[in-house]
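# Descriptive structure summary
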Number of protein chains: 2
Amino acid sequence: MMPLDLGEDVASRAIDGVRRGIGSVGELLDPVEVYARAVWSLLVEPGDSEAGALIAAVGAAAALRVVVDDRGDALDRARARWMPRLQPSAVAAALDAARRCGAQLIVPGDDDWPVRFDDLEAHAPVAMWRRGGGAPSDAPAVALVGARAATAYGEGVAADLAADLAAAGVVVVSGAAYGIDGACHRGALSAGGATVAFLAGGVDRPYPRGHEGLLERISTTGAVWSETPCGAAPTKWRFLSRNRLIAAMADAVVVIEAGWRSGSLNTAGHAATLGRPLGAVPGPITSAASAGCHRVLREFDGVCVTSAADVLEMLGAGAPARSDTGGGATDDTTRLFDALSPRSARSIDDVARRSGLARDDAAVLLGFAELEGRAVRDDDGAWRSVVRGSGAS
Amino acid sequence: MMPLDLGEDVASRAIDGVRRGIGSVGELLDPVEVYARAVWSLLVEPGDSEAGALIAAVGAAAALRVVVDDRGDALDRARARWMPRLQPSAVAAALDAARRCGAQLIVPGDDDWPVRFDDLEAHAPVAMWRRGGGAPSDAPAVALVGARAATAYGEGVAADLAADLAAAGVVVVSGAAYGIDGACHRGALSAGGATVAFLAGGVDRPYPRGHEGLLERISTTGAVWSETPCGAAPTKWRFLSRNRLIAAMADAVVVIEAGWRSGSLNTAGHAATLGRPLGAVPGPITSAASAGCHRVLREFDGVCVTSAADVLEMLGAGAPARSDTGGGATDDTTRLFDALSPRSARSIDDVARRSGLARDDAAVLLGFAELEGRAVRDDDGAWRSVVRGSGAS
């Protein structure tokens, strides 16, 4: 009862037109394996770890054969999930729809396959469908996510942050929804930067419809991705599963504005699970639209993000520098300021020598002085004292 | 050249009137020691650790004798700081001023001496001056601090948070400045709770002058404290030193609203040094008045505070609960409802195909959904979902 022909010629013809422009490694991939992954992408719901484990164990084509050769073993339950969808006409229709909208089929092994997806292990997608290929896969990427029900504050922050990050060469990843997602994509585009969108349904079904033009612009300069085949409807499950891809595709995830139970917290949860640096933009505690961000700060120990520089810092060292302030040091501080000048910037070593302080102590006191606004650090790490008038507390 | 008589009778008379109502332990303290501490409080600037170490080593009276007996040893530099202030008339004037304004002299060993000050070690004050004694010393205390240059948002948050904490029996500690400090004291008073203020100058010198009435109300129901003697002017150094007492007096410190270089960050630094739980209220990242709070969240790893409950949690377990979200967990129920419609009834086989669930699993889940009132079965066995409130992603 094999409903699909997995012969090499049939497979090659079937995937023709959805593999144009795939990179050098992908060209060498077995067309039968590629085709089998296309079939799998129709059978499984996102994140089906039984399918993932099976494919990882024996390959996509062999896994398909295991499924269709009814062997009555431990796979029975999984087979019962997949078999109702295993219809040659549906596979052909999905591939035809992909060709019509110019979508590519990307599978593991292709140059353009996001290597970050490896972190998803058994929950990695079996294949991806993509419109547009403009976003460099080796550039740093940040997921900026948030609620559809956004405020003017949230959308403004989203657009500015996305534009600043895009201008710095960071790929902005988001979900193309109304509200924060849309503002992030638009901000990145406005800076001439690269942005990619992950959809819950097929890439031939712009969703939401009101973002059809935006998705067109995204695919022109960046890319629109989906794990579900062309023609697939966006369902609630697929939205939630899509969020894991947004988290996995990024080197860091930042929640811009989100209510207490926003779906963006689901993306934040995936980021935490994947070990991606996670941050949130704070807002007024009187704004329900920021309550989810404050949860990320509290419950996920997220980084407080106030600027693109904060996000770039997340991409770098990972954690921000922690202040370690000395409490009641008095004479040492005097010696520190004796060693500082408001005019000529001095290195920490120079300050340590002039003040007679240990280098580490000087560094701590300089940090404290910076907090108090009594010293500033140049871009190259040299320090100057700040001349101030007066004023108390 | 002993400029002061440290005889027992002289000392007892000198401190008469500024020790009324001091608790049982304090009544047993040597009047000479108490008097010597009053003298010390005139000699030293807040946080003078050489004085602190000397007093801790030999006692306040003996330490005074060491200072006045010019022995040309390692204390020379410190003596040079203290001696110019060692004038019997100044000591008498400070004690007189305290009597006139009803201030008490509190020293270590008194029942009312804040035991939390022990954490300051050599930087602990030698003595404290207090107006009013209404705040229970064994109640939990939280320092709520912030900038003078506050916004309506910050002052509103401060007043609400202080009122909620005071209503919960927490003593609200602050610095009586304009802006956030004042809003915190007023909020606590409005809830009929206890609040205490720490001044940088003498407790007989209400500062700022515009808060004279507020300080009067604070001292009536709570207490106004200062480390500096009556008559002392509030100087910049004393403001900064006063901040360490605010941090030390509290079981947790929360910055409500503060600019990038606000003095409240100095209090936050003391809290970090003392190991006090430290939090900050976030605000719009577009508001310069919240930039200091966001620094506390980032650089001090502060707790994101959005309500009195968050602060109470800081007083309890210390760290907030961390969410532990499952990453790729499949939610079959979500997929089931994606496959159901409230309008068109669908067979179990159809639901299984649409949801990607095995038929048997779909049947079981539909049964549960029916029990929960989330799905209904037609007479012919087809299923529909029941419309409730929600939306997607």
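Going by the structure above, here's the rest.
Read on for a plain summary of the structure. (Residues numbered from 1 in each chain as written. Chains lettered and ligands numbered in written order. Predicted model: local features only at pLDDT ≥ 70, side-chain atom pairs only at ≥ 80, totals over all residues.)

In this section: the overall build of chain A. In terms of helices and strands, chain A carries 17 helices and 11 strands. Within chain A, the proportion of its 393 residues that are buried is 56%. A separation threshold of at least 6 residues defines the contact pool for chain A, and within that pool the share at least 24 residues apart is 73%. (Helix = DSSP H or I, 4+ residues; strand = E, 2+ residues; numbered from the N terminus. Buried ≥ 20, exposed ≤ 12 C-beta atoms within 10 Å, placed from the backbone. Contact = placed C-beta atoms within 7 Å.)

Attention now moves to the sheet that holds strand S2 (residues 128–131) of chain B. All names here are of chain B. Sheet architecture is open: 9 strands sit in the order S1-S2-S6-S5-S4-S3-S7-S8-S9, paired in mixed fashion. With partners counted over all chains shown, the strands left at the sheet margins are strand S1 (104–106) and strand S9 (303–304), one partner each. Packed on one face of the sheet, helix H11 (residues 236–249) meets strand S3 (141–145), strand S4 (171–174), strand S5 (195–199) and strand S7 (252–255) and runs near 140 degrees to S3. In the packing of helix H13 (residues 291–299) onto the sheet, contacts are made with S7, strand S8 (278–280) and S9, and the angle to S8 comes to roughly 140 degrees. (Pairing = 2+ DSSP bridges. Axes fitted to C-alpha atoms, helices over the stretch in contact; angles between N-to-C directions.)

So, about the sheet that holds strand S1 (residues 104–106) of chain A. Residues and elements named next belong to chain A. The strand order S1-S2-S6-S5-S4-S3-S7-S8-S9 describes an open sheet built from 9 strands, whose pairing is mixed. Looking along the sheet, the strands with just one partner apiece sit at the ends: S1 and strand S9 (303–304). As defined by bridge partners, strand S3 (residues 141–145) adjoins strand S7 (residues 252–255) across 4 bridges and the pair is classed as parallel. Paired with Ala 143 across the bridge in S7 is Val 253. Most of the contacts of helix H11 (residues 236–249) go to S3, to which it runs at about 140 degrees, and overall it touches S3, strand S4 (171–174), strand S5 (195–199) and S7.

A few words now on the nonpolar core. In this structure, Val142(A) and Val142(B) are the most contacted members of the largest nonpolar core, which totals 233 residues. One finds Leu336(B), Ala352(B), Ala358(B) and Ala362(B) within the second-largest nonpolar core, a separate group that totals 13 residues. (Core = buried A, V, L, I, M, F, W, Y, C linked by C-beta atoms within 7 Å.)

All names here are of chain A. Burial of S3 is extensive: 5 of the 5 residues sit out of reach of the surface. Burial along S3 is two-sided: Ala 141, Ala 143 and Val 145 facing one way and Val 142 and Leu 144 facing the other are all buried. Taken together, S3, helix H8 (residues 152–167) and S4 form a β-α-β motif whose crossover is right-handed. (Right-handed = clockwise from strand over helix to strand, strands pointing away.)

Moving on to helix H7 (residues 88–101) of chain A. Residue and element names in this part refer to chain A. Spanning 14 residues, H7 covers 20 Å between terminal C-alpha atoms, matching the ideal 20 Å at 1.5 Å per step. Among the residues of H7, Val 91, Ala 94, Leu 95, Ala 97 and Ala 98 are the ones counted as buried. In a view along the axis of H7, the buried residues occupy a sector of 155 degrees, so they form one face of it. Structural note: H7 exposes Ser 89, Ala 92 and Arg 100 on the side pointing more than 90 degrees away from its buried face. Residues of H7 that are buried sit in contact with helix H1 (8–15), helix H3 (31–43), S1 and strand S2 (128–131). Among the residues trailing H7, Gly 102 stands out with phi positive, at a value near 75 degrees. (Expected span 1.5 Å × (residues − 1). Arc of directions from axis to C-beta.)

By themselves, these are just geometric observations and shouldn't be taken as functional.
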